[in-house]
Amino acid sequence: MEVLLAILIGVMFGASVYLMLSRNWVRYLFGFIVISNAVNLLLFAVGRVELGRPALVPPGLAAPDGPVANSLPQALILTAIVIGFGLLAFALVLASRAWAELGTVDVDAMRVAEPREDAAREGRDA
Amino acid sequence: MRGLLIAPVVIPLATAVLLLVLRPSRRVEHALSALGCVALLGAALMLLVRVAGGGVAAMQLGDWAAPFGVSFVADRLGAAMVTVTAVIGLAVSVFAMAEIDDRRRRFGFAGFVQILLGGVCGAFLTGDVFNLYVWYEVMLIASFALLTLGGERIQIDGAVKYVALNMISTLLFLSGCGLLYGLTGTLNMADLHAKLPAVANQGLVTAVAVVFAIGFGIKAALFPLFFWLPASYHTPPVAVSALFAGLLTKVGVYSLIRFFTLIFTGDAAFTGALLAAAAAFTMVTGVLGAAAQNEMRRILGFHIVSQIGYMVMGLAIATPLALAGAVFYTLHHIVVKANLFLVSGVVRRLSGSGDLARTGGLYAQAPLLAALFLVPAFSLAGFPPLSGFWAKLFLVKAALEAQAPWIVAVLIGVGLLTVYSMTKIWAEVFWKAPPEPRAALPPLRGGERALLFGPIVGLAAITVAIGLWPAPLFDYADAAARELADPRDYVAAVLGSRP
């Protein structure tokens, strides 16, 4: 089970690295969505996968009866999902603002903060 | 004691809640954020005194015994970082009262500053890797908000680059958390210190160490991962730049110091060489990048990069003296760098631009500002008797003792090139005749003048004081370095009686 997950995580990492290398900010965000889910799966897989053993305490007992699934990765993933969602929401709004203000989603074409040398000189002379 | 450890996180977050919920009038808001910063400074100083006298202090949140719950730990390094954070928070909040316009104020500027301070303090005090990740995110989201608040075109441009690279840093950090947990089954830093040496495949541990080094390296703006910093730090209002310049990259440096002294100590030869190479390239590219710039804040931004190299070099040499030098350097640098950005804010206010071609004549117009610029500028370059001289001296001495002449050469050469940039700013902004024609800007009013100059004078006074009396701070940094080099006290404070 862990092996299958590991392969899946590897494929997702590879695909998202390809997407995130793009100059297109929207593609980068698609890559971000994929890779943050890949990292969540990674957190899930490193906690070791137990099938059919929910982390529940049966009635009348003080502790679980026998080995149960590790519930810590679930807590970590829940936190990571919430944070990842927040980051993504912000980045999407930023993409929309960048499109509205700068007229492009190509990060190499965004030169307001770091103008090219000749453009900067012209701006100064004007 | 328990309250004291958590106070540096609770005070700013509570202040932020009050500011964001009440949306008070300008006067009340200023009073509230100043009060929050003073309370934070008070709590930080109490913590500092407690830790300096009684050694490492730890508490378990929710009374879950370590390593199962989240631990909060203050050692000398953490307590000092929290204190300097409070100082910068106070200085920047006061400066912002004069600089930040009403529109940004109504969108919650002061509240975000407090959230950022809470996140930074949390990162310095937590003893749990995943909890550190959460504090990073608190800090990151607050910094996103501060960076884009106001929504000018240049800010959006800078923010795209800042957000893109910092999100990658976040993902690497989170992946690293997962891999560490998979190797050891724990995320408590002290527990990791005990358990990592027992992992059978030490090669995997080194690989995970490099994942963390890259994640923190992006945050700290190490070569070749620093490009987001000079692309974004000159775009928001100066108060925001100063806050970021003082604190954010230093959280990355702090994390590197913490992880590579407490957790990843197994393959010190390899990680030390990696960090040393990265640090040397960081110092050189940062200072050369600064030489090519013509805007005051962009020059200063590249100098942050260059200076980060000094701190990481101290970590890479890793002798107790070098670690003490790195701690001393970090504390001095936060004060100096934030102050230089604040000076650039007054320059912008007086001449309407930070572009070197459009400024000039400020020596005649504002002699006090010119004098105040020289203090942090010469300190950054390492002139005696200012704080930067001692910081560089300790690192050079450590490099000589470690018999690494190339490190000595880089440390000194980069210092000289720093002088070049500082004299360039001096010549262009203060000394040369003002360009014609000059836009008429309203003169500084009394209250505005006090709010702008107060923080600069205060921070400059700290720099001069460290320069004239370096011994107390050095003794403290030395003790902090001993704690880092031999983490038995730290581990015992967190895990109780176990070794």
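Since this is a predicted model, take the numbers as computed values, not measurements.

*Asks:* Go over the overall build of chain B with me, naming the residues and quoting the values.
*Replies:* A count of helical and extended segments in chain B gives 21 helices and two strands. Over its C-alpha atoms chain B spans a radius of gyration of 22 Å, differing by no more than 12% from the 23 Å that the globule rule assigns to 499 residues. Principal-axis analysis of the C-alpha atoms places the extent of chain B at approximately 70 × 55 × 40 Å. Scored against the burial criterion, the 499 residues of chain B give a buried share of 65%. Of the contacts formed within chain B by residues at least 6 apart in sequence, a portion of 82% connects residues at least 24 apart. Of the roughly 16,400 Å² of accessible surface on chain B, a fraction of 70% belongs to carbon and sulfur atoms. For chain B, the separation between the mean place of its 32 positive charges and that of its 23 negative charges on side chains is 6 Å.

*Asks:* An account of the packing of aromatic side chains is needed here, citing residue identities and associated values.
*Replies:* All names here are of chain B. In total, this model carries 33 aromatic pairs over all chains according to the counting rule given. Arranged with centres 5.0 Å apart and planes meeting at 65°, the rings of Phe173 and Phe216 form a pair that is edge-to-face. One end of the pair, Phe173, is in helix α7 (residues 153-184); the other, Phe216, is in helix α9 (residues 202-220), with 43 residues separating them in the sequence. In this structure, Phe173 and Phe216 share a single accessibility class: buried. Cluster of aromatic residues (ring-pair linked, three or more members): Phe130, Tyr133, Tyr136, Phe173, Phe212, Phe216, Phe259, Phe260 and Phe264. It is Lys392 that lies over the ring of Tyr310; its NZ or CZ is 4.7 Å from the centre. When the ring centre of Phe453 is taken as origin, the NZ or CZ atom of Arg449, which lies over that ring, is 4.9 Å away.

*Asks:* Could you give me a rundown of the interface of chain A and chain B, with the residues and numbers involved?
*Replies:* The interface is formed by 40 residues belonging to chain A together with 41 residues belonging to chain B. Here chain A meets chain B over a buried area of about 3,300 Å², counting both sides, of which 73% is carbon and sulfur. Remark: the boundary between chain A and chain B carries one salt bridge. Between Arg298 of chain B and Glu114 of chain A there is a salt bridge, and its shortest N-O distance comes to 3.4 Å. For the pair chain A and chain B, the number of links is 11 residue pairs in polar contact (both at pLDDT 80 or more). Mapped onto the side of chain A that touches chain B, the elements with two or more residues apiece are α1 (2-20), α2 (25-46), α3 (72-102) and α4 (117-125) of chain A. For the side of chain A that touches chain B, the leading source of residues is α3 of chain A, giving 15 residues.

*Asks:* Mind laying out unusual backbone geometry, listing which residues take part and the relevant values?
*Replies:* When glycine is set aside, most residues are seen to have a negative phi, and most peptide bonds are trans. Residue and element names in this part refer to chain B. Look at the link from Phe223 to Pro224: it is a cis peptide, with omega at -5°. Along the polypeptide, Pro224 turns up in the loop between α9 and α10 (228-232). A cis amide bond links Pro384 to the next residue, Pro385, at an omega of 5°. You can see Pro385 is positioned in the loop between α16 (367-381) and α17 (387-401). Although it is not a glycine, Arg23 adopts a positive phi angle of roughly 45°. Its identity as a non-glycine residue notwithstanding, Asp63 has a phi of 60°, on the positive side.

*Asks:* Can you break down the layout of surface pockets residue by residue, with the values?
*Replies:* Its volume calculated, the second largest pocket comes out at about 720 Å³. Every residue lining the second largest pocket is counted, 29 residues in all, and those nearest its centre are Met20 and Val107 of chain A together with Ala164, Leu165 and Ile168 of chain B. It is α7 of chain B that contributes the most residues to the lining of the second largest pocket, eight residues altogether. The residue inventory of the lining of the second largest pocket, partitioned by class, reads 21 nonpolar, three polar and five charged.

*Asks:* Describe the pattern of salt bridges, naming the residues involved and giving the relevant values.
*Replies:* All names here are of chain B. Applying the stated criterion across every chain, the model contains 19 salt bridges over all chains. Ionic pairing is found between Arg104 and Asp101, a salt bridge with its closest N-O pair at 2.9 Å. A residue is classified by how much of its surface remains accessible, and Asp101, at 32% relative accessible area, is partly exposed. A salt bridge links Arg488 to Asp486; its shortest N-O distance comes to 2.9 Å. By relative accessible area, which is 35% here, Asp486 ends up partly exposed.

*Asks:* Could you give an account of the confidence of the model for chain B, naming the residues involved and the relevant values?
*Replies:* Considering every residue of chain B, the mean pLDDT works out to 91; 98% of them sit at 70 or more. Looking over chain B, one finds the lowest element-wise mean pLDDT in helix α15 (residues 362-365) of chain B, namely 84, and the highest in helix α5 (residues 109-125) of chain B, namely 95.

*Asks:* Could you give an account of the side chain of Thr104 of chain A, with specific residues and numbers?
*Replies:* All names here are of chain A. Checked against the element boundaries, Thr104 lands in the loop between α3 and α4. For Thr104, a relative accessible area of 15% translates into the label buried. A polar contact is formed between the side chain of Thr104 and the backbone nitrogen of Asp106, at a distance of 2.9 Å. Apart from residues lying up to four places away in sequence, Thr104 is in contact with Ala98, Trp99, Ala109 and Met110.

*Asks:* Would you mind going over empty space enclosed by the protein in detail, with residue names and values included?
*Replies:* Residue and element names in this part refer to chain B. For the coordinates displayed, the defined rule picks out three cavities of 30 Å³ or more. Secondary structure elements with two or more residues in the lining of the largest cavity: α2 (26-54), α3 (76-99) and α5. Here the lining of the largest cavity takes four residues from α5, the largest share from any one element. Of the residues belonging to the lining of the largest cavity, the class tally is six nonpolar, four polar and two charged.

*Asks:* Now, about the packing of α2 of chain A against α7 of chain B: what can you tell me, with residues and values included?
*Replies:* Relative orientation and spacing of two packed helices are given, respectively, by the angle between their axes and the distance between those axes. Running from N to C, α2 of chain A and α7 of chain B point in directions that differ by 15°, and their axes come no closer than 9 Å. Taken as axis vectors, α2 of chain A and α7 of chain B run roughly parallel relative to one another. Helix-helix and strand crossings are classified by hand; for α2 of chain A and α7 of chain B the assignment is left-handed. Split into classes, the residues belonging to the contact of α2 of chain A with α7 of chain B amount to 19 nonpolar, five polar and no charged.

*Asks:* I'd like to hear about the environment of Gly3 of chain B, residue by residue, with values.
*Replies:* Assignment of secondary structure puts Gly3 of chain B in helix α1 (residues 2-22). The spacing of Gly3 of chain B and Ala43 of chain B is 40 residues in sequence and 9.6 Å in space, taken between C-alpha atoms.

*Asks:* Give me the environment of Val284 of chain B: which residues, what numbers.
*Replies:* Residues and elements named next belong to chain B. Within the secondary structure, Val284 sits in helix α12 (residues 268-291). Considered as a pair, Val284 and Thr206 are 78 residues apart in the sequence and their alpha carbons are 27 Å apart. Setting aside residues no more than four positions away along its own chain, Val284 makes contact with Val410 and Val414.

*Asks:* Describe a nonpolar patch on the surface, with residues and values.
*Replies:* Together, Val17, Leu18, Val21 and Leu22 of chain B give the surface a local cluster of nonpolar side chains, amounting to about 390 Å² of exposed area. In this structure, Val17 of chain B sits in helix α1.

*Asks:* Help me get a handle on the state of the cysteines, residues and values and all.
*Replies:* Residue and element names in this part refer to chain B. Counted under the stated rule, the structure contains zero disulfides over all chains. No disulfide involves Cys37; its sulfur sits 10.0 Å from that of Cys121, the nearest cysteine. Overall, Cys37 belongs to the buried group, its relative accessible area being 1%.

Definitions and limits used
- Residues numbered from 1 in each chain as written.
- Chains lettered and ligands numbered in written order.
- Predicted model: local features only at pLDDT ≥ 70, side-chain atom pairs only at ≥ 80, totals over all residues.
- Heavy atoms only, no water.
- Helix = DSSP H or I, 4+ residues; strand = E, 2+ residues; numbered from the N terminus.
- Rg over C-alpha atoms; globule rule 2.2 N^0.38 Å.
- Buried < 20%, exposed > 50% of the residue type's maximum accessible area, 1.4 Å probe, protein only.
- Contact = heavy atoms within 4.5 Å.
- Areas by Shrake-Rupley, 256 points an atom, 1.4 Å probe, with all protein chains shown as cover.
- Lys, Arg positive; Asp, Glu negative; His and termini not counted.
- Charge placed at Lys NZ, Arg CZ, Asp CG, Glu CD.
- Phe/Tyr/Trp six-rings, centres within 6.5 Å; stacked < 30°, edge-to-face > 60°.
- Lys NZ or Arg CZ within 6 Å of the ring centre and 35° of its normal.
- Buried area = accessible area lost by both parts, 1.4 Å probe.
- Salt bridge = Lys/Arg side-chain N within 4 Å of Asp/Glu carboxyl O.
- Polar contact = N/O pair within 3.5 Å; in protein donor to acceptor, adjacent residues only side chain to side chain.
- 1 Å grid on protein atoms, 1.4 Å probe; cavity = no way out; pocket = protein on both sides within 12 Å on 5 of 7 lines; lining within 4 Å.
- Points joined across faces, edges and corners; volume = space filled by probe spheres on them.
- Nonpolar A, V, L, I, M, F, W, Y, C, P; charged D, E, K, R; others polar.
- pLDDT = per-residue confidence, 0-100.
- Axes fitted to C-alpha atoms, helices over the stretch in contact; angles between N-to-C directions.
- Parallel < 35°, antiparallel > 145°, perpendicular 65-115°, else oblique.
- Left-handed = near helix turned anticlockwise from the far one by under 90°.
- Patch = residues over 30% accessible without salt bridge, like charges linked within 9 Å, V, L, I, M, F, W, Y side chains within 5 Å.
- Disulfide = S-S within 2.5 Å.

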